[in-house]
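A closer look at the structure
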Amino acid sequence: GPMIAGVAAVIQRKRLKKIGFFGNQRDEKGVFLMERLIAQLLDDDFTIVLHDSSGGSSGSGDDRFRMIFGYVDDLAQEIADCDAVVTPYDPNSYRLKGSAIIWTALANGVPVIAPRDTAPGAWIERAGSGVTFGEFTAQSVFTSVVEARNNYPAIEQRARIASARWVEEHGNQKFVEAMLKAL
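Residues numbered from 1 in each chain as written. Predicted model: local features only at pLDDT ≥ 70, side-chain atom pairs only at ≥ 80, totals over all residues. Heavy atoms only, no water.

Attention shifts here to the packing of helix H4 (residues 100-107) against helix H5 (residues 119-127). Look at H4 against H5: their axes get within 10 Å of each other, and the N-to-C directions meet at 15°. Comparing their axes, H5 and H4 come out roughly parallel. At the point where H4 passes H5, the crossing takes the left-handed sense. Of H5, the residues touching H4 (which contributes Ile102, Trp103 and Leu106) are Ala119, Pro120, Trp123 and Ile124. Taken together, the residues of the contact of H4 with H5 sort by class into seven nonpolar, no polar and no charged. (Axes fitted to C-alpha atoms, helices over the stretch in contact; angles between N-to-C directions. Helix = DSSP H or I, 4+ residues; strand = E, 2+ residues; numbered from the N terminus. Parallel < 35°, antiparallel > 145°, perpendicular 65-115°, else oblique. Left-handed = near helix turned anticlockwise from the far one by under 90°. Contact = heavy atoms within 4.5 Å. Nonpolar A, V, L, I, M, F, W, Y, C, P; charged D, E, K, R; others polar.)

To continue, consider the pattern of salt bridges. Once their charged atoms are close, side chains differing in charge can pair, the charge on each being opposite to the other. Here the structure, examined in full by the defined rule, presents five salt bridges. With its nearest N and O atoms 3.2 Å apart, the salt bridge here joins Lys17 to Asp45. You can see Lys17 sitting in the segment before strand E1 (18-21) and its partner Asp45 sitting in the loop between helix H1 (31-43) and strand E2 (47-52), a full 28 residues away along the chain. Taking relative accessible area as the criterion, Asp45 reaches 46% and is therefore assigned partly exposed. Between Glu78 and Arg66 there is a salt bridge whose closest N-O contact spans 2.7 Å. In this pair, Glu78 sits in helix H2 (residues 75-80) while Arg66 sits in strand E3 (residues 65-69), placing the two residues twelve residues apart along the sequence. (Salt bridge = Lys/Arg side-chain N within 4 Å of Asp/Glu carboxyl O. Buried < 20%, exposed > 50% of the residue type's maximum accessible area, 1.4 Å probe, protein only.)

Three or more residues of H5 are buried, namely Ala119, Pro120, Gly121, Trp123 and Ile124. Gly128, located one to two residues past H5, shows a positive phi value of around 70°.

Across a sheet, paired strands are connected by hydrogen bonds in the backbone, their directions being either parallel or antiparallel. Read across the open sheet, the six strands follow the order E3-E2-E1-E4-E5-E6; overall the sheet is parallel. Of all strands in the sheet, those bounded by a partner on one side alone are E3 and strand E6 (130-133). Adjacent strand axes in the sheet meet at a mean angle of 25° when their direction is disregarded. With four bridges joining them, strand E5 (residues 112-115) and E6 adopt parallel strand pairing. When the sheet's bridge partners are listed, Pro115 is paired in E6 with Phe133. (Pairing = 2+ DSSP bridges.)

The structure is reproduced here in structure tokens:
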């Protein structure tokens, strides 16, 4: 769909502070890890945007934790506004499956935390544009986020370079085609 788009020039992000979770929050996307994971991240001074396309009622009393429900007009822009996107997906479900959320983040130079031993994870490891987690647990995902924060300047730079190279060489359409081929 039109969501996978580079949102203009990719800006340099200085540190990993704002984390985004996007898409239809369901079991294979690790929804049952979320409560514990988000609590840990907030305790560790991250700010969070949680989007759930499946609905619900928007709002949160805490500006460190913003919730967005239902259809979002410009999801690519919301993704591009984050310092990293976390996709706590079940590695078994995503072994051979792509993710529009992940590809959109990567197209916009946003580092991604994704499951190891999956098509998206392999891409991220090759490009160095994020961190992969090994176990489908809140703790494993959290540890990967902290690792990304500790190595953020290098990861962020590789994410920007990978994004720029793609768009420059192929444009977004080719970016999407290659992602699908990686599957």
